[in-house]
Amino acid sequence: MKQVIGQTESLCPVCLGRIAAQKVEEDGSIYMEKFCARHGEFRALIWRQDSRHYLKWAEGSEPGAGAFQRFSESARGCPYDCGLCPEHQTRACSMVIELTTRCNLKCPVCFASSGETGLYEPDIETIRSMYKAVKETMETCTIQFSGGEPTLRDDLPQIIALGREMGFDHILVSTNGIRIAREPDFLKKLKDSGCGAIYLQFDGVTDDVYRYTRGLPLTDVKKQALENCAKEQIGVILVPTVIHGVNDDQLGDIIQFAKSWIPTVKGVHFQPVSHFGRYPQAPSDEERTTIPDIINALESQTCGELKWEHFLPRHVRDAHCSFSSFFILTEEGKLQSMSALARQVVTGSGARTADPQESALRFISRHWRFKGVSPEEQNSFYSRLLAYNLTITCMAFQEVWTVDLNRLRGCCLQVMTPDKRIVPFCANYLTSTSGERLYPGPLPSESSEEETARQYSPET
């Protein structure tokens, strides 16, 4: 029996027009239903087989703090005026800055369709102005460099150093790991310039997974990248893109792999595949991966070492986008949940002394950095809490079939564009059924065909 549990607004998957939507519970799962007068009815699964958890997940939701300065006005209404506009209710916990459209892979699941729109690469002064805009709007947040493949820029160490000089304490580099695996000296430059952690694309533990998701066997590349990071003592967050029937049976194996690389590996951040960019086809409900699917798989594939109660909703405006958890690795090689303690440390004795964005920033900064301890200290509880820890987190991005504008207004993962607008991540990459982006990507730079074609090939 179907029951309506909430009303919201969404977009038509065909024309990207704003339309009314409702969330309904049926047979224990939660669906979004919506109707476009031009293109008909749409229905998509958003939370599988656990409506009780869905309702409980929302209990800790908080609005957070808005931006200090707005760069756009409300004209057409959400989601067409991002900049941020006055309708947006949350400032950034992480700010993504795209440094290039170049990439040394052509991943079938790339949400940014990198390499297909010509070469874009902001110069150092443009990046300085982007840093400045972030400071003016947000004061401070985590900076996450993305692309394309940001390590293809030889001046990446200088870009990181500039960010540190301008007051950004925690800077992450999102990478497929190819260059840092092959050029440890370049990794050292990133570390010395102030890079806080490596956000490493890591979809599984076997090459068949990478052939599907990235087009090449890459397990040896990932391991070499990790070895180099261990030598440089720089923290790594493994980032699996989870696809039903491809690697969702390897989530437990990924956790076991991560455990074997502690204290270098500081976290695993699961991302259910996003059906936009180069992967825009509409999935069936059976093909979708929702947050309960991730948690159930982690519980079953680790034989109960990880449990549902270990995973907590993040206290943001709408908590249904994510979960977080914190563990220490015991001397017996087991993960012991410390999630409640981690939340108290971040927010202050369990009290809400920080807004959600500040809490998220503290969580990332505190737990995603490499922390070494001496061999004599390894057996103490404090040293294991400090260094032998692991975060397990998840972010389920919204697509055109599932986008909830109430949830979008509370998004704290945002993208700084070259024209110094700030766009929520899901809005920035949202793609219609015909491949049209709600927010077109950056325009190509003026460059020669040779420069546009320049690649750092993994096969050379």
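Residues numbered from 1 in each chain as written. Predicted model: local features only at pLDDT ≥ 70, side-chain atom pairs only at ≥ 80, totals over all residues. Heavy atoms only, no water.

*Asks:* A description of the packing of aromatic side chains should follow, citing residues and the corresponding values.
*Replies:* Enumeration according to the criterion identifies twelve aromatic pairs in this entry. On the numbers, 6.1 Å between centres and 90° between planes, the contact of Trp 57 with Trp 308 is edge-to-face. Taken together, the positions of Trp 57 in helix α1 (residues 51-57) and Trp 308 in the loop between α9 (291-301) and β12 (322-323) put the pair 251 residues apart, joining distant regions of the chain. The residues Trp 57 and Trp 308 share a single accessibility class, namely buried. Centroid distance Phe 202 to Tyr 210: 6.5 Å. Interplanar angle 80°. Geometry classified as edge-to-face. (Phe/Tyr/Trp six-rings, centres within 6.5 Å; stacked < 30°, edge-to-face > 60°. Helix = DSSP H or I, 4+ residues; strand = E, 2+ residues; numbered from the N terminus. Buried < 20%, exposed > 50% of the residue type's maximum accessible area, 1.4 Å probe, protein only.)

*Asks:* Any details on the state of the cysteines? Residues and values, ideally.
*Replies:* All told, the structure shown has zero disulfides when counted by the stated rule. Free cysteine Cys 141: the closest other cysteine sulfur is in Cys 93, separated by 8.2 Å. Cys 195 takes part in no disulfide bond, and the closest cysteine sulfur to it belongs to Cys 229, at a distance of 8.5 Å. Since its relative accessible area comes to 5%, Cys 195 is described here as buried. (Disulfide = S-S within 2.5 Å.)

*Asks:* Report on empty space enclosed by the protein, specifying residues and quantitative values.
*Replies:* Under the criterion given, the structure shown has five cavities of 30 Å³ or more. Its boundaries defined by the atoms lining it, the second largest cavity holds a volume of some 350 Å³. Looking at the second largest cavity, it is lined by 25 residues, and the ones nearest its centre are Ile 46, Ala 396, Phe 397, Thr 402 and Arg 407. Among the elements that take part in the lining of the second largest cavity, strand β4 (residues 40-47) stands out by supplying three residues, more than any other. Looking at the lining of the second largest cavity residue by residue, the class counts come to eleven nonpolar, seven polar and seven charged. (1 Å grid on protein atoms, 1.4 Å probe; cavity = no way out; pocket = protein on both sides within 12 Å on 5 of 7 lines; lining within 4 Å. Points joined across faces, edges and corners; volume = space filled by probe spheres on them. Nonpolar A, V, L, I, M, F, W, Y, C, P; charged D, E, K, R; others polar.)

*Asks:* Explain the packing of helix α8 (residues 251-260) against α9 to me, and be specific about the residues and the numbers.
*Replies:* At their nearest, the axes of α8 and α9 sit 8 Å apart, and the two run at 65° to each other. Relative to α9, the element α8 lies roughly perpendicular. Our pair here, α8 against α9, has a crossing hand that is right-handed. Each of Leu 251, Gly 252 and Ile 255 in α8 lies in contact with α9, whose residues at this interface are Ile 294, Ala 297, Leu 298 and Gln 301. For the contact of α8 with α9, the residue count by class is five nonpolar, two polar and no charged. (Axes fitted to C-alpha atoms, helices over the stretch in contact; angles between N-to-C directions. Parallel < 35°, antiparallel > 145°, perpendicular 65-115°, else oblique. Left-handed = near helix turned anticlockwise from the far one by under 90°. Contact = heavy atoms within 4.5 Å.)

*Asks:* Any details on the pattern of salt bridges? Residues and values, ideally.
*Replies:* If you walk through the whole model with that rule in mind, you get 18 salt bridges. Between Arg 409 and Glu 9 there is a salt bridge whose closest N-O contact spans 3.6 Å. With Arg 409 in the loop between α13 (405-408) and β16 (413-416) and Glu 9 in strand β1 (residues 2-11), this residue pair connects regions lying 400 residues apart in the sequence. According to the relative accessible area criterion, Arg 409 is buried, its value standing at 11%. The partner of Glu 87 in a salt bridge is Arg 409, and the shortest N-O contact between them spans 3.2 Å. Of this pair, Glu 87 sits in the loop between α1 and β5 (94-98) while Arg 409 is found in the loop between α13 and β16, placing the two residues 322 residues apart along the sequence. With relative accessibility at 26%, the residue Glu 87 sits in the partly exposed group. Shared partners join several salt bridges into a network, and the residues in it are Lys 2, Glu 26, Glu 33 and Arg 43. (Salt bridge = Lys/Arg side-chain N within 4 Å of Asp/Glu carboxyl O.)

*Asks:* Summarise the confidence of the model for the chain; cite the residues concerned and give the values.
*Replies:* Residues of the chain with pLDDT of at least 70 account for 81%, and the chain-wide mean is 86. For the stretch residues 345-353, pLDDT sits under 50, and the model shows 14 contacts to residues farther than four places along the chain or on other chains. (pLDDT = per-residue confidence, 0-100.)

*Asks:* Tell me about α8, and name the residues and values.
*Replies:* A large share of α8 lies buried, amounting to seven of its ten residues. Regarding α8, the residues found buried are Leu 251, Gly 252, Ile 254, Ile 255, Phe 257, Ala 258 and Lys 259.

*Asks:* How would you summarise the packing of helix α5 (residues 184-193) against helix α7 (residues 219-232) if you had to cite specific residues and measurements?
*Replies:* Interhelical geometry of α5 versus α7 gives an angle of 45° and a closest axis separation of 10 Å. By the angle between their axes, α5 is oblique relative to α7. Our pair here, α5 against α7, has a crossing hand that is right-handed. Side by side, α5 and α7 meet where Pro 184, Leu 187, Lys 188 and Lys 191 of the first sit next to Asn 228, Cys 229 and Glu 232 of the second. Taken together, the residues of the contact of α5 with α7 break down into three nonpolar, one polar and three charged.

*Asks:* Mind laying out the pairing of strand β13 (residues 326-329), listing which residues take part and the relevant values?
*Replies:* Residues in a regular strand point their side chains to alternate faces of the sheet. Residue alternation in β13 divides its side chains into two sets, Phe 326 and Ile 328 and Phe 327 and Leu 329, and both sets are buried. Here three bridges tie β13 to strand β15 (residues 389-395), and the two strands are oriented antiparallel to one another. When the sheet's bridge partners are listed, Ile 328 is paired in β15 with Asn 389. Pairing geometry for β13 and strand β14 (residues 335-337), over three bridges, is antiparallel. Note on β14: the bridge partner recorded for Phe 327 is Ser 337. Hairpin connection from β13 to β14: five residues lie between these consecutive antiparallel strands, with Gly 333 at a positive phi of about 85°. (Pairing = 2+ DSSP bridges.)

*Asks:* Tell me about the environment of Ile 124, and name the residues and values.
*Replies:* Within the secondary structure layout, Ile 124 lies in helix α2 (residues 124-138). The exposure class of Ile 124 is partly exposed, given its relative accessible area of 32%. Spatially, the C-alpha atom of Ile 124 lies 8.6 Å from that of Gln 158, the residues being 34 residues apart in sequence. Excluding residues that lie within four positions of it along the chain, Ile 124 makes contacts with Ile 159 and Leu 162.

*Asks:* Which residues make up the sheet that holds β1, and what values do they have?
*Replies:* Taken in spatial order, the four strands of this open sheet run β1-β2-β3-β4, and their pairing is antiparallel. The sheet is open, and its two edges are formed by β1 and β4, each paired on a single side. Averaged over all adjacent pairs, the angle separating strand axes in this sheet is 25°, with direction ignored.

*Asks:* Summarise the environment of Gly 333; cite the residues concerned and give the values.
*Replies:* Checked against the element boundaries, Gly 333 lands in the loop between β13 and β14. Given the relative accessible area of 30%, Gly 333 is considered partly exposed. C-alpha separation for the pair Gly 333 and Ser 260, spaced 73 residues apart in sequence, amounts to 8.9 Å. Apart from the residues lying within four places of it in its own chain, the contact partners of Gly 333 are Lys 259 and Glu 305.

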